[in-house]
Amino acid sequence: MTLTAHISAGSAVAVATGNPVLGFFAGLISHHLLDAVPHSDLGSLGGNIHNILKDRKNLLYVFADIFIGLIVFIFIAIKIADFSLVFWSVGGAILPDVIDNSPFWSVRARETFLGRYYHKLHETVHFTITNKKYFYLGLLTQLAVILFCLYYVFIKT
Ligand SMILES: [Zn+2]
């Protein structure tokens, strides 16, 4: 899923747990649960860690996602008013993609035993919609996740 969806889920996890350590691990679990939901992401557009920096369309997608995700993160951090809780919960929620989907270090990380194993696990529980006919359906599943999580944060704080 997009960074924005994972940040939103991490925010909801922060509110649900109320504890940075629990939030971190629950955020980590939320990442893989949400990746299993059919969705459209950079992979739907043919993007991957090898070509992400070479294609302007991929870069635009990534920077838009980072920008929107950052706005959501700042909004939630202000709303919850406990930066440590939000930081660790959101950190857990985005960590798998930071480790496994970065164009800067993931190629090397995947060459290690642990990195290769983790990449395999990450991909196994990942459902990217690759059929362009259903691309927008995959965006809708993420929009639903984002709205549900932000609504949860909003009503609980
Ligand atoms: Zn992921």
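Residues numbered from 1 in each chain as written. Predicted model: local features only at pLDDT ≥ 70, side-chain atom pairs only at ≥ 80, totals over all residues. Heavy atoms only, no water.

Within an unreviewed UniProt entry, the label attached to the chain reads Inner membrane protein, and the organism entered is candidate division WS2 bacterium ADurb.Bin280.

**Section: the packing of aromatic side chains**
Selection criterion: Ring pairs shown here join Phe, Tyr and Trp side chains whose ring centres sit within 6.5 Å, with only the six-membered ring taken for Trp; geometry is labelled stacked below 30 degrees between planes, edge-to-face above 60, and tilted in between. Comment: elements are numbered from the N terminus, with helices defined as DSSP H or I runs of at least four residues and strands as E runs of at least two. For each residue, the accessible area found with a 1.4 Å probe, counting protein chains only, is set against the maximum for its type, and the residue is called buried under 20%, exposed over 50%, and partly exposed in between.
Scanning the entire structure with this criterion turns up 7 aromatic pairs. Consider the rings of F24 and W88, whose centres lie 6.2 Å apart with planes at 70°: the pair is edge-to-face. Of this pair, F24 sits in helix 2 (residues 20-35) while W88 sits in helix 4 (residues 83-100), and the two are 64 residues apart along the sequence. Overall, the relative accessible area of 42% leaves W88 in the partly exposed class. Members of the aromatic cluster, joined through ring pairs, are F24, F25, F73, F83, F87 and W88.

**Points about unusual backbone geometry**
Phi is positive for A81, close to 60°, though the residue is something other than glycine. Structurally, A81 can be placed in the loop between helix 3 (56-80) and helix 4. Judged by relative accessible area, A81 falls into the exposed class, the value being 64%.

**Quick word on helix 6 (residues 113-124)**
Note on helix geometry: an α-helix contains 3.6 residues per turn, so any two residues three or four positions apart are oriented the same way. Inclusion rule: Here the expected span of a helix is defined as 1.5 Å times the quantity of residues minus one. This arc is built from the directions going out from the helix axis to the C-beta atoms. Should any heavy atoms of two residues lie within 4.5 Å, those residues are counted as being in contact.
The end-to-end C-alpha distance of helix 6 is 17 Å, a good match for the 16 Å that 12 residues give at a rise of 1.5 Å each. Among the residues of helix 6, those classed as buried are G115, H119 and H122. The buried side chains of helix 6 occupy one side of the element, clustering within an arc of 65° when seen end-on. Across helix 6 from its buried face, at more than 90 degrees, point the exposed residues F113, L114, Y117, K120 and T124. Looking at the buried side of helix 6, the elements it contacts are helix 2, helix 4 and helix 5 (106-109).

**Some words on helix 7 (residues 135-156)**
Taking 1.5 Å as the rise per residue, helix 7 with 22 residues should run 32 Å; its terminal C-alpha atoms sit 32 Å apart, in good agreement. Tucked into the core, helix 7 has its buried residues touching helix 1 (3-17), helix 2 and helix 3.

**Some thoughts on the UniProt feature "transmembrane region" (unreviewed entry) in the chain**
What counts is decided by this rule: UniProt positions are given in the numbering used here, feature names are shortened, and annotations may be inferred rather than shown by experiment.
Per the UniProt record, "transmembrane region" (unreviewed entry) is found at residues 59-81 and 134-154. The span residues 59-81 carries 96% helix and 0% strand; its end-to-end C-alpha distance comes to 32 Å. Across residues 134-154 one finds 95% helix and 0% strand; the C-alpha atoms that close the span lie 30 Å apart.

**What about the packing of helix 3 against helix 7?**
Using the following cut-off: Axis geometry follows a simple rule: fit a line to the C-alpha atoms, using only the stretch in contact for helices, then measure angles between N-to-C directions, giving values from 0 to 180 degrees. Angles below 35 degrees are treated as roughly parallel, those above 145 as roughly antiparallel, those between 65 and 115 as roughly perpendicular, and all remaining angles as oblique. Each crossing gets its handedness from the near helix: less than a right angle anticlockwise from the far helix is left-handed, clockwise is right-handed. Under the convention adopted here, Pro, Cys and the residues Ala, Val, Leu, Ile, Met, Phe, Trp and Tyr are nonpolar, Asp, Glu, Lys and Arg are charged, and Gly plus all remaining residues are polar.
At a minimum axis separation of 10 Å, helix 3 and helix 7 run at an interaxial angle of 20°. Taken together, the axes of helix 3 and helix 7 lie roughly parallel to each other. For the pair helix 3 and helix 7, the sense of crossing is left-handed. On helix 7, the residues touching V72, I76, K79 and I80 of helix 3 are L150, V153 and F154. Split by residue class, the contact of helix 3 with helix 7 holds 6 nonpolar, no polar and 1 charged.

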